[in-house]
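Okay, here's what each chain looks like letter by letter:
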Amino acid sequence: GTHHPEMHLILRKGGATSDSSGGEFVHVVFRDVVFESITWEGSDGDEAFSDNVTVAYAELLFTYYEQDMKGKLKVASGTKGNMGWSQTRNRVAS
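Conventions and cut-offs
- Residues numbered from 1 in each chain as written.
- Predicted model: local features only at pLDDT ≥ 70, side-chain atom pairs only at ≥ 80, totals over all residues.
- Heavy atoms only, no water.
- Patch = residues over 30% accessible without salt bridge, like charges linked within 9 Å, V, L, I, M, F, W, Y side chains within 5 Å.
- Areas by Shrake-Rupley, 256 points an atom, 1.4 Å probe, with all protein chains shown as cover.
- Salt bridge = Lys/Arg side-chain N within 4 Å of Asp/Glu carboxyl O.
- Helix = DSSP H or I, 4+ residues; strand = E, 2+ residues; numbered from the N terminus.
- Buried < 20%, exposed > 50% of the residue type's maximum accessible area, 1.4 Å probe, protein only.
- Phe/Tyr/Trp six-rings, centres within 6.5 Å; stacked < 30°, edge-to-face > 60°.
- Lys, Arg positive; Asp, Glu negative; His and termini not counted.
- Polar contact = N/O pair within 3.5 Å; in protein donor to acceptor, adjacent residues only side chain to side chain.
- Contact = heavy atoms within 4.5 Å.

> When you look at a nonpolar patch on the surface in this model, what are you seeing that I'm missing?
Taken together, I38, W40 and V53 make up a surface patch of nonpolar side chains, about 350 Å² in accessible area. As for its placement among the helices and strands, W40 is situated in strand β2 (residues 24-41). Overall, the relative accessible area of 64% leaves W40 in the exposed class.

The following block contains the structure:
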């Protein structure tokens, strides 16, 4: 597989306009990433195709943004908002 120093997975909330995306509510950073496999499933005539990506990583950092009653996003407090783990060091990562 191909090695990459970082990979980002970002989830955004819906309700955006046609010229902008919704606010990000989850951001995961994977460090020291190796892509092990990428497969595509589906054929002509299928309503949807499927992409499957398998990666191995040394560390991950996870940030969660909570939404207030007015729809504004902010990093959640404490470990609900930020957390990380290093598989190679077997300890909390930051």
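> Help me understand the packing of aromatic side chains, please; the structure alone is not making it clear to me.
Each aromatic ring pair is characterised by the separation of its centres together with the angle its planes make. Under the counting rule described, the total for this entry stands at one aromatic pair. Relative to Y57, the ring of F30 has its centre 4.9 Å away and its plane inclined at 65°; by these criteria the two rings are edge-to-face. Of the two residues, F30 is situated in strand β2 and Y57 in the loop between β3 (50-56) and β4 (59-67); the sequence distance between them amounts to 27 residues.

> Is there a simple way to think about the side chain of E24 in this case?
Structurally, E24 can be placed in strand β2. Within the buried set, E24 has no salt-bridge partner at all; the shortest N-O distance to an opposite charge, 4.2 Å, is to R12. A polar contact of 2.9 Å, which involves the side chain of E24, links it to the side chain of H27. Sequence-distant contacts of E24, defined by excluding residues within four places in its chain, comprise I10, L11, R12, Y65 and L73.

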